[in-house]
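# Summary of structural features
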Amino acid sequence: MADAGLIAIGAGIAVGITGLASAWAEKEIGSAAIGAMAENEKLFGKGLILTVIPETIVIFGMVVAILLWLNM
Amino acid sequence: MLLPKQMTRVLIVGSRGALKDTIEVLYQLEAAHLIDFSAEEEGFSLGAPLPESSDASQKLLKLRSLEKDMGLDDMDVSGSMDIAQVDKDLTSTIIELEAEITGATESKNKISARIGELEAEKAVLLNFQALPLNLELYRDYDSLKVFTGKVRGDPTAALKAAAPQSEVFISDNGDFIAAFVIKAQADEAQKAIAQFGFIEMPAPAGNGAPQQLVARADEELVTLRSSLVEAVKKLEDLKDKHSIFVKAADEHLSIIVAKAETPLRVGTTDFTFAMDAWVPTSEMPTVEKAINEKLAGKVHVESLEVMSRREAHGHHDAEQHDAPVEEIPSKTENGKTVSKFEFMARMLSTPKYREIDPAVTMMITIPIFFGLMVGDIGYGIPFMILGLIGLKKCVSDEWRTISTLLFFGGIWASIFGLFMFGEAYGIHFAEQAHDMSWSSLLGVHLPHEIAIGGFEIPLGIYSKLHNVKEILYMTLWIGIAHIFIGFCIGFYNKSIRFGFKHAVIEKISWLMILVGGALLLLFLVDAMIRGLTVELTDIRMLIALPLIVIGILMAYKGEGSGAILELPGLMGNIISYTRLAAIGMSKAGLALAFNTIAFEVMWGHDFHVMGSNSGDTIMLIAALAIFLIGHLTIFVLAIISAGLHSLRLHYVEFFMKFYEGGGVEFKPLKVIRKYTTDKNGVSE
């Protein structure tokens, strides 16, 4: 069995960096969506949806972390 | 029906004299979606508004400005009036109202302006109050120049140096001065005080001690303020008295104007008119009958074409073909429950005439996903109650949609919470080996399952935090099933639009890849996670590989090389469904943290011992407070994360497989009355 500490660090990196990545992407989309909404309030729904799209990145990270954790 | 209602394109032609009656009849039928006349056709020109439009518009303009004065412009008023009544009083009441309201508003504005003026004067006077001089002493000198104003610091010494014969008065707090300087030395003096940040403030007009003037201003302010209150009250009274009439008249006139301006969308010649419209095929007989009966001989209705679902130009590029192909409007007819979900689908896009309205599919899966992510009866029941209240009280589409989501999602959350996860507020019912439970907390034995008539119904099969593997695996299958349904709907949409063969190439190919991938998943789980020894000639591999290869080849043929790039996307889509597990887990983790702080740390509960605690009542109260705040946080987060993510799974992963959207909503000529009633009905 691999070193538990290293696995834990790996899981942490997987979640942490993907979290940062989604945050970065969402920041860009979010500010653009707010801009679009200022022009046309009806875009709220679309803006909201577009903003959460990058959330998938961190979910992938979390899945990887969980898989690592299950192997601990 | 899942598809929008079938439409017929109709042409209504008649003599121009009958135009008004035709419009009237169409408004009553509420079945015709007018196509704007494009002024390109030879011999035709745009119709002119009916004569009543200009008078009504004028009155409407007046009313709207009155509404603004009364503060009614975006307010809701309850009640309604009959239009006969509105019509009768319209002209006289508008004139009367205009006089009253304009008068009241004007006097109110005048008083407010005077109050503002007085307050400014008073502010100046308050400065002079600090000096022991009467106001008349500040002016009318032949040889003296007077400086009055604010300073920072005491300039007396500097002033005396610059202008020895000057006289300086300074307020007690040292920030206001009055300096009397001989005119010849005025420039020097000004330079000297400028260094102390002098800001000039000329003495106000008037005689006597500033104190007296301030007192007088105060008196006047008191009277003015009370008359302002009166003026505001008068306006309020007027508002209360006339609000319904104003709203009703506004609505009535708007309807008149809308009807009178309808000819602007119609082509006319000198003696005839021609109207192009969409009518639902099922309502064609009614429309024809009504027009033939009421406008016999003067107007003729002709059904031009019953629109089929098949795309006229065969292939994808239907949109790029010659421009003036009018979009066929989609009229969806959903039941009471489904229509609550319509707004969610519309938020993304309106369905096209030639595709399935996704609201039905959303109604089924959105609450299930929401429930799975929440999966806790402790939140499920409050969600249900909140949703029910929302559905009762809210009017706006947005809030109603959220309430719908909460209500149906709450039902599923309770079901999953009770039977699948067996927990309330992140705490399991029955005793657990490694965690606290309601049993241990309350000191009562709660069962692991209940038996109803020979069936053992489990209360909690999985724990969100201890059966991660199983739940993750389950969510992958939910994803595969959901996407499978998506491709099936996509197949149906494509086959009605472009034909069976096209649909097979475009959608069956992906279905094959998906099924192959699912079999491959089964194989891989055995090989990699369960650690079983499997042969490459396993039956699942033997079926999966050909399915995937053939699927890819078909997709390549249908969509070109882009299809290959979409392959990882499909895998990503499926993995994306693991968020159902991940979000449930994150909520369970938060709940565990709060519960541990509250009960184990503060109240001293030991879950190995039933009903144990070492804390006293005060600690119990503190623990309950933490419990309450913590779970309220999770509850609110659940709305945002579970609600948004279940929507997103539909919009992104699911809809991409079949939904195009971008349709035009069916908007028939019709009258919507809110503040008015029409007792006479037809003979309006």
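Calculation criteria
- Residues numbered from 1 in each chain as written.
- Chains lettered and ligands numbered in written order.
- Predicted model: local features only at pLDDT ≥ 70, side-chain atom pairs only at ≥ 80, totals over all residues.
- Helix = DSSP H or I, 4+ residues; strand = E, 2+ residues; numbered from the N terminus.
- Rg over C-alpha atoms; globule rule 2.2 N^0.38 Å.
- Contact = placed C-beta atoms within 7 Å.
- Buried ≥ 20, exposed ≤ 12 C-beta atoms within 10 Å, placed from the backbone.
- Pairing = 2+ DSSP bridges.
- Axes fitted to C-alpha atoms, helices over the stretch in contact; angles between N-to-C directions.
- Nonpolar A, V, L, I, M, F, W, Y, C, P; charged D, E, K, R; others polar.
- Parallel < 35°, antiparallel > 145°, perpendicular 65-115°, else oblique.
- Core = buried A, V, L, I, M, F, W, Y, C linked by C-beta atoms within 7 Å.
- Domains from an automatic or database assignment.
- pLDDT = per-residue confidence, 0-100.

## A few points about the overall build of chain A
- On a plain count of helices and strands, chain A comes out with 3 helices and 0 strands.
- Each helix and strand of chain A, placed in order from N terminus to C terminus, yields the pattern α-α-α.
- Relative to the 2.2 N^0.38 estimate, which gives 11 Å for 72 residues, the radius of gyration of chain A is 17 Å and therefore markedly larger than a compact globule would have.
- Seen along its three principal axes, the alpha-carbon backbone of chain A occupies a region of about 55 × 15 × 10 Å.
- In chain A, 74% of the contacts between residues at least 6 apart in sequence involve partners at least 24 apart.

## Looking at the overall build of chain B
- Across its full length, chain B holds 18 helices and 18 strands.
- At 39 Å, chain B has a C-alpha radius of gyration far larger than the 26 Å of a compact globule built from 684 residues.
- Reported as C-alpha extents along the three principal axes, the dimensions of chain B are approximately 115 × 95 × 55 Å.
- Buried positions account for 35% of the 684 residues belonging to chain B.
- In chain B, once contacts between residues fewer than 6 apart in sequence are set aside, the share between residues at least 24 apart is 78%.

## Here's the deal with the pairing of strand 16 (residues 455-458) of chain B
Residue and element names in this part refer to chain B.
- Pairing between strand 15 (residues 449-452) and strand 16: 4 bridges, direction antiparallel. Looking across to strand 16, one finds that I452 is bridged to F455.
- The turn linking strand 15 back onto strand 16 is made up of 2 residues, and G453 within it adopts a positive phi angle of 45°.

## Overview of the sheet that holds strand 7 (residues 176-182) of chain B
Residue and element names in this part refer to chain B.
- Sheet architecture is open: 4 strands sit in the order 6-7-5-8, paired in antiparallel fashion. Each edge of the open sheet is held by one strand with a lone partner, namely strand 6 (167-170) and strand 8 (199-200).
- Here strand 5 (residues 144-150) pairs with strand 8 via 2 bridges, running antiparallel. When the bridges of strand 8 are listed, K150 appears paired with I199.
- Those strands touched by helix 5 (residues 186-194) are strand 5 and strand 7, and its axis lies near 155° from that of strand 7.

## Describing the interface of chain A and chain B
- The interface of chain A with chain B comprises 13 residues on the first partner and 16 residues on the second.
- Only helix 2 (44-52) and helix 3 (55-70) of chain A provide two or more residues apiece to the side of chain A that touches chain B.
- Ranked by residue count, the leading element in the side of chain A that touches chain B is helix 3 of chain A, at 7 residues.
- When its residues are assigned to classes, the side of chain A that touches chain B shows 10 nonpolar, 2 polar and 1 charged.

## Some remarks on the environment of S437(B)
Residue and element names in this part refer to chain B.
- Within the secondary structure, S437 sits in the loop between strand 14 (427-428) and helix 12 (438-442).
- For S437, a count of 20 C-beta atoms within 10 Å corresponds to the buried category.
- Between the C-alpha atoms of S437 and H608, which are 171 residues apart in sequence, the distance is 9.9 Å.
- When residues no more than four places from it in sequence are discounted, the contact partners of S437 are I427, H428, F429, A430, E431, Q432 and F607.

## A short note on the packing of helix 15 (residues 539-559) of chain B against helix 16 (residues 562-576) of chain B
All names here are of chain B.
- With their axes 8 Å apart at the nearest point, helix 15 and helix 16 run at an angle of 130° to one another. Regarding the angle of helix 15 to helix 16, the classification is oblique. Contact residues: helix 15 offers I552, A555, Y556 and E559, while helix 16 offers G562, A563 and I564.
- The residue inventory of the contact of helix 15 with helix 16, partitioned by class, reads 5 nonpolar, 1 polar and 1 charged.

## Some points on the nonpolar core
All names here are of chain B.
- Of all hydrophobic cores here, the largest spans 91 residues; its most connected members are F369, F370 and M373.
- By residue number, the principal contributor to this core is helix 17 (residues 579-602), which donates 11 residues.
- Ranked by size, the runner-up nonpolar core spans 23 residues in total, among them F273, V287, V299 and I328.

## A look at the domain arrangement of chain B
Residues and elements named next belong to chain B.
- Each domain of chain B was delimited in the assignment, giving domain 1 (7-47 + 266-330) and domain 2 (336-664).
- Relative placement of domain 1 and domain 2: their C-alpha centres are 47 Å apart.
- Listed as interface residues are 11 residues of domain 1 and, on the opposing side, 10 residues of domain 2.
- Looking at the side of domain 1 that touches domain 2, its residues break down into 4 nonpolar, 3 polar and 4 charged.

## Description of the confidence of the model for chain A
- Model confidence for chain A is summarised by a mean pLDDT of 86, while 97% of its residues fall at 70 or above.
- Taken element by element, chain A is modelled with least confidence in helix 2 of chain A, mean pLDDT 78, and with most confidence in helix 1 (residues 4-39) of chain A, mean pLDDT 92.

## Some points on the packing of helix 17 of chain B against helix 18 (residues 617-654) of chain B
All names here are of chain B.
- Between helix 17 and helix 18, the shortest axis-to-axis distance is 8 Å and the interhelical angle comes to 170°. Classified by the angle their axes make, helix 17 and helix 18 are roughly antiparallel. Judged by residue contacts, R579, I583, K587, L590, A591, F594, I597, A598, F599 and M602 of helix 17 engage M619, A622, A623, I626, F627, G630, H631, I634, A638, S641, A642 and H645 from helix 18.

## So, unusual backbone geometry
All names here are of chain B.
- A positive phi angle is found at D140, which is not glycine, with a value near 65°.
- Note on D140: 8 C-beta atoms within 10 Å, which makes it exposed.
- The phi angle at Y425 is positive, at roughly 50°, despite the residue not being glycine.
- Secondary-structure assignment places Y425 in the loop between strand 13 (423-424) and strand 14.
- With 19 C-beta atoms packed within 10 Å, Y425 lands in the partly exposed category.

## Overview of the environment of K108(B)
Residue and element names in this part refer to chain B.
- Along the chain, K108 turns up in helix 3 (residues 83-128).
- For the pair formed by K108 and K234, sequence separation is 126 residues and the distance between their alpha carbons is 9.5 Å.
- The contact partners of K108, leaving out residues within four places of it in the chain, are L228, A231, V232 and L235.

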